[in-house]
Amino acid sequence: MLYRIAGQFKTNYRADHALFPVRQDAVLLAVILICALVVFPLTASEFTFQALLIPVLIYSLAALGLNILTGYAGQLSLGTGAFMGVGAYACYKLITIFPEMNLLVAIGLSGFFSAAVGMAFGLPSLRIKGFYLAIATLAAQFFLVWLFEKWAWLYNYNASGAIQVPTIDMFGIRVAGPTASSIVQYYFVLLVVGLMTFFAINITRGHIGRSWKAVRDMDIAAELVGINLLRSKLIAFGVSSYIVGVSGALFVFMWRGAAEPNLFDIPLSFRVLFIAIIGGLGSVMGNYLGAILIVALPVVLNIVPEALGLDINAATLEHLNIMIIGALIVTVLIVEPHGLARFWAIIREKLIIWPFPH
Amino acid sequence: MKTFVKTAMLGAALGVGAVLAAPAAYAQDSVYAPNLSYRTGPFAATGIPLMDGQRDYILMLNERDGGVNGVKIDYDECETGYSTEKGVECYEKTKSKAIVTQPWSTGITLQVLPKTNVDKIPILAPGYGFSPMANGKVFQWAYNPPASYWDGASMLLNYVSGGDMASLKGKKIALLHLDHPYGKEPIPLFQAMAEKHGFTFLPVPVGLKEMQNQSAQWLQIRREKPDFVFMWGWGAMNAGALTEAVKTKYPMDQFIGIWWSGHDGDMKTVGEKGKGYKSISWSVPVADAPVMADIKKHVVDAGKSLIGGADDMDTVFYQRGVLISMILVEGIRVAQDHFDTKVVNAEQLRWGLENLKIDDARIAELGMTGMVGPFSTSCSNHTGHSGAWILQWDGGKFAPISDKLTADAEAISALEQVKAMEYAEANAPWPVNEACK
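Computed from a prediction, not measured in an experiment: that's the story for all the values here.

Colleague: Describe the domain arrangement of chain A, listing the residues and the values that go with them.
Modeller: All names here are of chain A. For chain A, the assigned domains are domain 1 (1-43) and domain 2 (44-353). If you average the C-alpha positions of domain 1 and of domain 2, the two centres end up 26 Å apart. The interface of domain 1 with domain 2 comprises 15 residues on the first partner and 14 residues on the second. Among the residues of domain 1 in contact with domain 2, Tyr 3, Leu 19 and Pro 41 are the three that bury the most area, contributing 44% of the side total. Where Asp 25 meets Arg 348, a salt bridge forms, and the shortest distance between an N and an O atom there is 2.8 Å.

See the structure below:
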């Protein structure tokens, strides 16, 4: 009833290939956008911005980058955390070398460093496949984190070995540093994440995205129909690492404010990989759903007992939290191995035929 | 249909989160002092006794005296698991009503340090954090009494040189440290001292992943044959280092750790073989201190404590936790007297922490004679530089073997000034309190 598609006729090819051929999808997106642009910023507290909204957006972007490589092009990567680190360190160096540079430009440029590194580590992907490629990206993970620790130039010879975000103004508004307000940072992140998502949706729908899917489904067949495997895989590594690098720069500059090398270690890579897998490989929306489950849900679970007036020991609460999230992940993967995006697709199908299923 | 229910529940949970923004109401006759604890995760073994000590001292005060001057202290824990990300989440969660932030890790301290100027909440990081925080002109909201890592480093050098720094000339000193902001903290001071007094300084970093397998590091130590090995270790790294030191037969009496590397629990895994290992400490466990008897009576025997048994009360870390809470409570008390108010706010507590006067008489009044050295803070000195003792492991417990050591204040404050200004410049615009001498 809510999702009735009867009566929505397409009279030309353009309408048939629109991003949202069903009107309700467009309405839903509009509602989400209004929430993100108006409702959340007006109602959210400092805590909601810093612990829920901003991290969910940034992790979604990182998962989106990984999803392009793993979900669309089928190349499993375990180096996401390190590529995020490349973006963050590149942005830090750019900002400290050219303090007058616009932060948006610096974040955009830092993605290219990460893309270059990603493509370099993606070169072996023509020869090694599957789990073996995962091991090669694992090497990138170890090497890059080691480099962040040992190459003191990267953190400007800071005694603690950490990078710290300076105060940055953009068009007279403070966007980064301790005195920046959360609402500005939220809009900044939302803008970048929105742009990247738009770009990602379009690239995955175009001929490049099709060539990725062909390579993912069967690379020999793809080669036989004339797809240049190396080119296609390298573009996937480049685009994916670019997005991941941008998310890394946002991660440090718009959220954390400071970062030490081991922040970009394997746990971060796994976290992003889990978001992508649980959200749904080969989907754009899944990254957002996955990030909500993995990043926001633990935070929410942490405040529920207090809000209900239950007095639970902090450590017990943490243990409970880990157990609940773990159980949820297992349940989701058993009930729907294709992730939350597929989950939503099924719900949508059912809504379309509801209340008169055949 | 099952799927519907699940999604609905998920959505509801998220909705609740967005609404929960407003802080819950709290009683007016208490002050809220949260602690960013870590009773879970890789460092839990070292965290638990410290948190227990902190918690039990405040519970004891609430039981025995009804709080401080009649105001109960609402002690609360927010679990971080020593993760910086969770730490910041906890900081954001508690900051609306908290009068203090106890970050409990150098990483979290570095992260929340720039925010305190904006949020106006004092950071209390006793014996850890960023050493230049001692400079109160630059770090108006941060406190690390009674001794900073640089104090610790300087006292270690004083101890091994027997008070005569010139005797270190030509010697070689290795620093086995965790490759993390915490472990790197003393390096600038060691480098400055090495240059000044002509000894060779050799940092040996231990990565977070190598904590339990330090064979490479100890191979390097065996090759280099340093005269002394200092250790800035934490959690599993301490036990790992001790096991390797025993294996490589490095003389135990030349091996000294910082105060966080002197944990009874770590030593028990090495037992007798670790005999002779030393650790510098600004706190000394005193089993028969009156304050410990009160805690035992009001908290432990009443079954309100989280510790395993009364034996655990004599450990170095538990008693240090008690002292840490004492510093916080004294800050509250000083602020109450000065502002003539019962319920202090964060800004008043800042003044209190800046005007601590913990002399021998006060320590005796608190029932803590011998547990900590006297110290006082001021507007420009946020550390107090109390001094420390060398504790030695006798196979069953830690016992003090030295007189109280003091740090080379001159060398430290010069370096503090330089590094604090560097920090302020890197984070410009950074407010500096020029009024303070």
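Here the narrative resumes, following the displayed structure.
Colleague: Any chance you could break down helix α11 (residues 290-300) of chain B for me, citing the residues and the numbers?
Modeller: Residue and element names in this part refer to chain B. Turning to α11, its buried residues are Val 291, Met 292, Ile 295, His 298, Val 299 and Val 300. One side of α11 holds all its buried residues, which, seen down the axis, span an arc of 150°. Taken together, the buried residues of α11 touch α2 (44-64) and α12 (316-339).

Colleague: With reference to specific residues and values, describe empty space enclosed by the protein.
Modeller: Counted by the stated rule, this structure contains five cavities of 30 Å³ or more. Considering only residue class, the lining of the largest cavity consists of eight nonpolar, two polar and no charged.

Colleague: Can you lay out unusual backbone geometry for me, pointing to particular residues and giving the numbers?
Modeller: Glycine aside, residues mostly have negative phi, and peptide bonds are mostly found in the trans state. All names here are of chain B. With an omega of -5°, the peptide bond between Pro 145 and Pro 146 qualifies as cis. Turning to its location among the elements, Pro 146 is positioned in the loop between β4 (142-143) and α5 (149-160). Even without being glycine, Tyr 82 reaches a positive phi, approximately 65°. Assignment of secondary structure puts Tyr 82 in the loop between β2 (72-77) and α3 (84-94). Here Tyr 82 falls in the buried class, since its relative accessible area comes to 12%. At Trp 104, a position not held by glycine, the phi torsion is positive, near 60°.

Colleague: Tell me about the layout of surface pockets, and please be specific about residues and values.
Modeller: Its boundaries defined by the atoms lining it, the second largest pocket holds a volume of some 1400 Å³. Taken together, 47 residues line the second largest pocket, and the ones lying closest to its centre are A:Pro267, A:Arg271, B:Ser83, B:Glu85 and B:Lys86. Breaking the lining of the second largest pocket down by element, the ones donating at least two residues are α3 (46-72), α10 (229-256), α11 (266-279), α12 (285-308) and α13 (314-335) of chain A together with α3 of chain B. Here the residues of the lining of the second largest pocket are counted per class, giving 25 nonpolar, twelve polar and ten charged.

Colleague: I'd like a description of the sheet that holds strand β9 (residues 278-281) of chain B, backed by residues and values.
Modeller: Residue and element names in this part refer to chain B. Strand order in the open sheet formed by seven strands is β6-β5-β7-β8-β9-β12-β13, and the pairing between neighbours is mixed. Both edges of this open sheet fall to β6 (200-206) and β13 (398-400), since each of them pairs with a single strand only. If you compare each strand with its neighbour and ignore which way they point, the axes differ by 30° on average. Bridge count for strand β5 (residues 172-178) against β6 is seven bridges, and the pairing is parallel. Along β6, the bridge assignment pairs Ala 174 with Leu 202.

Colleague: Residues and numbers for the environment of A:Phe343, please.
Modeller: The residue A:Phe343 is located in helix α14 (residues 339-353) in this model. Note: C-alpha distance between A:Phe343 and A:His319 (24 residues apart in sequence) is 28 Å.

Colleague: Kindly report on the packing of aromatic side chains, identifying the contributing residues and their values.
Modeller: All names here are of chain B. In the structure shown here, the tally under the stated rule is 42 aromatic pairs over all chains. Measuring from ring centre to ring centre gives 6.4 Å for Tyr 149 and Trp 259, while their planes differ by 20°; the resulting arrangement is stacked. Here Tyr 149, found in helix α5, pairs with Trp 259, found in the loop between β8 (255-257) and α10 (264-270); they are 110 residues apart in sequence, far enough to count as distant. With respect to class, Tyr 149 is no different from Trp 259; both count as buried. With 5.2 Å between their ring centres and 65° between their planes, Phe 255 and Tyr 277 make a pair best called edge-to-face. Here Phe 255 is found in strand β8, whereas its partner Tyr 277 is found in the loop between α10 and β9, with 22 residues between them in sequence. Residue Phe 255 is classed as buried on the basis of its relative accessible area, which comes to 0%. For Tyr 277, a relative accessible area of 0% corresponds to the buried category.

Colleague: Any details on the nonpolar core? Residues and values, ideally.
Modeller: Membership of the largest hydrophobic core comes to 135 residues, with the highest contact counts inside it found for B:Tyr57, B:Phe255 and B:Ile295. Take this core: its biggest share by element is twelve residues, from α12(B). Of the domains in this structure, domain 1 (3-147 + 286-373) and domain 2 (150-281 + 390-406) of chain B are the two that each give at least three residues to this core. Here B:Phe255 is in contact with B:Trp218, B:Val229, B:Met231, B:Ala241, B:Leu242, B:Ala245, B:Tyr250, B:Tyr277 and B:Lys278, once residues within four sequence places are set aside. Membership of the second largest hydrophobic core comes to 101 residues, among which are A:Ala73, A:Leu78, A:Phe83 and A:Ala176.

Colleague: Tell me about the domain arrangement of chain B, and please be specific about residues and values.
Modeller: All names here are of chain B. The assigned domain composition of chain B is domain 1 (3-147 + 286-373) and domain 2 (150-281 + 390-406). Using C-alpha coordinates to define each centre, domain 1 is positioned 29 Å away from domain 2. With 24 residues of domain 1 at the interface, the matching set in domain 2 holds 19 residues. Counting across the interface, domain 1 meets domain 2 through zero salt bridges. Broken down by secondary-structure element, the contributors of at least two residues to the side of domain 1 that touches domain 2 are α2, α4 (106-119) and α12. Considering every element that reaches the side of domain 1 that touches domain 2, the biggest residue donor is α2, with four residues. Partitioning the side of domain 1 that touches domain 2 into residue classes produces 16 nonpolar, seven polar and one charged.

Colleague: Can you break down the interface of chain A and chain B residue by residue, with the values?
Modeller: Listed by partner, the interface residues are 49 residues for chain A and 43 residues for chain B. Together, the buried faces of chain A and chain B total about 4200 Å²; carbon and sulfur atoms form 61% of this surface. At the junction of chain A and chain B, the tally comes to six salt bridges. Residue A:Glu46 is joined to B:Lys95 by a salt bridge in which the shortest nitrogen-to-oxygen separation is 3.4 Å. Elements supplying a minimum of two residues to the side of chain A that touches chain B: α3, α6 (131-150), α10, α12, α13 and α14 of chain A.

Reading guide: rules and limits
- Residues numbered from 1 in each chain as written.
- Chains lettered and ligands numbered in written order.
- Predicted model: local features only at pLDDT ≥ 70, side-chain atom pairs only at ≥ 80, totals over all residues.
- Heavy atoms only, no water.
- Domains from an automatic or database assignment.
- Contact = heavy atoms within 4.5 Å.
- Buried area = accessible area lost by both parts, 1.4 Å probe.
- Salt bridge = Lys/Arg side-chain N within 4 Å of Asp/Glu carboxyl O.
- Buried < 20%, exposed > 50% of the residue type's maximum accessible area, 1.4 Å probe, protein only.
- Helix = DSSP H or I, 4+ residues; strand = E, 2+ residues; numbered from the N terminus.
- Arc of directions from axis to C-beta.
- 1 Å grid on protein atoms, 1.4 Å probe; cavity = no way out; pocket = protein on both sides within 12 Å on 5 of 7 lines; lining within 4 Å.
- Points joined across faces, edges and corners; volume = space filled by probe spheres on them.
- Nonpolar A, V, L, I, M, F, W, Y, C, P; charged D, E, K, R; others polar.
- Pairing = 2+ DSSP bridges.
- Axes fitted to C-alpha atoms, helices over the stretch in contact; angles between N-to-C directions.
- Phe/Tyr/Trp six-rings, centres within 6.5 Å; stacked < 30°, edge-to-face > 60°.
- Core = buried A, V, L, I, M, F, W, Y, C linked by side-chain atoms within 4.5 Å.

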